[in-house]
Amino acid sequence: MADETLIEKVHELSDLELAALICLVAQEHCIIDTEPDAIDDLAQELQLVASKVFGLSNAVVDCHEHTSLDDFAHAILSVEHSPTRSNSPVTTRQESYFLHTPAFGSTNRSPVTETFSDNKRIANVIIAKNLDEAPKQIQIQALELMRTKRIYTRTSVQNAPKRFLFIALLGGGEGPRLTRHLNDYMFISHFHDPEDGFPNLEDMYDDGNSISSVVKKNPVPDVEGSLWPTISAIDVEHLSSLANDAVVSIEVKRYQQDIISFLRVHRAVAGGVSASSSKHLDKLAKCLAPLHGLAYATPSLIGLAARKIYLHRIHIVQPENERSMQWGSDLDAISALLEGIGAEDVIEDVLGTTGAEVPL
């Protein structure tokens, strides 16, 4: 079981910091959702979380429909041991790793480019803004990066660091918005309400007022990690070890499987309750146990895990495809029944009194 000092530090974390910690402990990746108007502030907050709380380097990829593979590969790399940050791929995209020339060997490269090539590395935390708006090939590249922990440049293969976190930062919308396999590979999803604030970003302002009520100075978060992070690498490794040793009893395991079954047969669900999501549910429950000072998973932790695992996965069925239409249900009645129902409503329905029975 984790010591009291570490547990106290965990309990003092914000929702975004806790989501990042869980992913680092599980060695998985996540989706962070917010209102479209707050996505830039949230990106800066996540940069501060990475550098100040975990001491990790970070990079932001601003995705859009015209983002190229060259832009993506360039933006996720940061400069290590560079004398200045003027050459950082996070701040400039003047140099390209994939040059559009028929003969790569004949391309002349400047000394600056050579130095940059020698010092480049993949950042520990990659924040992909509006990844759902990126072309399909960019999302496939992101999935390949998460699965293989490497990316190919024109001159070399870059490997991701041991502590690696990819955050898909989305603005607005409900349900699955990424490509199918990428969406299913994401570990958890979390919605951050802008009214909950951005504590790390607010601390950067001298007057201490809310960032929504002051003239913004556009502070640039540190892309390099802090030397004295709140949660160290040793803390993360210790929590990972405790999570691997967490016990799930037969009764709790049965409750977990009941939740999965109830979700799959829910009349509003068209899909999304996959085999990988079931593995993620079990993994998240074990990761939550040491954060609560426990050596075992409880039914309440299973319910908490289900809310984070399935929120971005569940597909809501179209009225014409709802199963009762096969034996003559009225389309207008089904449309009225399903109106306004989202993934969160389905999960709460299954976890409520009409769903799976909680073991005593």
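Residues numbered from 1 in each chain as written. Predicted model: local features only at pLDDT ≥ 70, side-chain atom pairs only at ≥ 80, totals over all residues. Heavy atoms only, no water.

**Points about unusual backbone geometry**
Positioned with a positive phi, Gln-27 is a non-glycine residue whose angle comes to about 55°. Although it is not a glycine, Lys-149 adopts a positive phi angle of roughly 55°. Mapped onto the elements of the fold, Lys-149 is located in the loop between helix H6 (136–148) and strand S6 (150–152). (Helix = DSSP H or I, 4+ residues; strand = E, 2+ residues; numbered from the N terminus.)

**Topic: the nonpolar core**
Side chains of nonpolar character tend, in soluble globular proteins, to be buried together. Core analysis: the largest hydrophobic core is formed by 72 residues, its most contacted members being Leu-21, Phe-54, Ile-188, Ile-259, Leu-263 and Tyr-310. Here this core takes nine residues from helix H2 (residues 15–26), the largest share from any one element. In this structure, Cys-63, Phe-72, Ala-142 and Leu-178 belong to the second largest nonpolar core, which totals 27 residues. (Core = buried A, V, L, I, M, F, W, Y, C linked by side-chain atoms within 4.5 Å. Buried < 20%, exposed > 50% of the residue type's maximum accessible area, 1.4 Å probe, protein only.)

**Digging into the environment of Ala-20**
Along the chain, Ala-20 turns up in helix H2. Note on Ala-20: relative accessible area 8%, which makes it buried. Taking C-alpha positions, Ala-20 is 9.7 Å from Val-53, a pair spaced 33 residues apart along the chain. Ignoring anything within four residues of it in the chain, the contact list for Ala-20 reads Val-49, Phe-54 and Leu-165. (Contact = heavy atoms within 4.5 Å.)

**A short note on helix H1 (residues 4–11)**
By the burial criterion, the buried members of H1 are Leu-6, Ile-7 and Val-10. Down the axis of H1, the buried set is contained in an arc of 100°. They therefore lie on one face. Facing away from the buried side of H1, by more than 90 degrees, are the exposed residues Glu-4, Thr-5 and His-11. On the buried face of H1, the contacting elements are H2, helix H9 (233–245) and helix H11 (275–291). (Arc of directions from axis to C-beta.)

**Concerning a negative patch on the surface**
On the surface, a cluster of negative charge is contributed by Glu-35, Asp-37, Asp-193, Glu-195 and Asp-196. Locating Asp-37 in the fold gives a position in the loop between strand S1 (30–34) and helix H3 (39–53). (Patch = residues over 30% accessible without salt bridge, like charges linked within 9 Å, V, L, I, M, F, W, Y side chains within 5 Å. Areas by Shrake-Rupley, 256 points an atom, 1.4 Å probe, with all protein chains shown as cover. Salt bridge = Lys/Arg side-chain N within 4 Å of Asp/Glu carboxyl O. Lys, Arg positive; Asp, Glu negative; His and termini not counted. Charge placed at Lys NZ, Arg CZ, Asp CG, Glu CD.)

**Remarks on the sheet that holds S1**
In spatial order, the strands read S2-S5-S8-S1-S9; together these five strands make up an open sheet with parallel pairing. On the outer flanks of this sheet lie strand S2 (58–62) and strand S9 (188–191), each paired with one strand and no other. Geometrically, the sheet is characterised by an average inter-axis angle of 20° between neighbouring strands, direction not taken into account. The pairing of S2 with strand S5 (residues 125–129) spans five bridges and is parallel. Paired with Val-60 across the bridge in S5 is Ile-127. Seen against the sheet, H2 touches S1, strand S8 (165–171) and S9 and runs at an angle of roughly 175° to S9. (Pairing = 2+ DSSP bridges. Axes fitted to C-alpha atoms, helices over the stretch in contact; angles between N-to-C directions.)

**Examining the pattern of salt bridges**
In this structure the tally under the stated criterion is 10 salt bridges. With a shortest N-O distance of 3.8 Å, Glu-237 and Lys-162 are connected by a salt bridge. Here Glu-237 is found in helix H9, whereas its partner Lys-162 is found in the loop between strand S7 (157–159) and S8, with 75 residues between them in sequence. Note on Glu-237: relative accessible area 46%, which makes it partly exposed. Glu-348 is the salt-bridge partner of Arg-307, the closest N and O atoms lying 2.8 Å from each other.

**Notes on the side chain of Ser-324**
Along the chain, Ser-324 falls in the loop between strand S11 (315–316) and helix H13 (331–338). Given a relative accessible area of 6%, Ser-324 falls into the buried group. Among the polar contacts made by the side chain of Ser-324, one reaches the side chain of Glu-322 at a distance of 2.2 Å. At 3.0 Å, the side chain of Ser-324 and the side chain of Ser-329 are in polar contact. (Polar contact = N/O pair within 3.5 Å; in protein donor to acceptor, adjacent residues only side chain to side chain.)

**Brief notes about the environment of Arg-177**
Turning to its location among the elements, Arg-177 is positioned in the loop between S8 and helix H7 (180–185). The class for Arg-177 is partly exposed, based on a relative accessible area of 23%. Spatially, the C-alpha atoms of Arg-177 and Arg-313 are 9.3 Å apart, while their sequence positions differ by 136 residues. What Arg-177 contacts, discounting residues up to four positions off in sequence, is Asp-33, Asp-132, Leu-170, Gly-171, Gly-172 and Asn-183. Side-chain polar atoms of Arg-177 contact the side chain of Asp-33, separated by 2.7 Å.

**Remarks on H13**
Measuring from the side-chain oxygen of the N-cap residue of H13 to the backbone nitrogen of Asp-332 gives 3.2 Å; that N-cap residue is Asp-330. Of the residues flanking the end of H13, it is Gly-340, one or two places downstream, whose phi is positive at about 80°.

**Overview of the pairing of S5**
Regular strands have side chains that alternate between both faces of the sheet. Of all five residues in S5, five are buried; the element is thus mostly enclosed. Side chains Val-125, Ile-127 and Lys-129 project from S5 onto one buried face, and the interleaved Ile-126 and Ala-128 project onto a second face that is buried too. Judged from the five bridges that link them, S5 and S8 form a sheet pairing that is parallel. Across the sheet, the residue bridging to Ile-126 is Phe-166, located in S8.

**Focus: the packing of H2 against H11**
Interaxial distance between H2 and H11 falls to 10 Å at its minimum, and their mutual angle equals 115°. It follows that H2 is roughly perpendicular to H11 by the angle criterion. Pair H2 / H11 crosses with right-handed handedness. Across the interface between the two elements, Leu-18, Leu-21, Ile-22, Val-25 and Ala-26 from H2 touch Lys-283, Leu-284, Cys-287, Leu-288 and Leu-291 from H11. (Parallel < 35°, antiparallel > 145°, perpendicular 65-115°, else oblique. Left-handed = near helix turned anticlockwise from the far one by under 90°.)

Interpretation in functional terms is not warranted from these geometric data alone.
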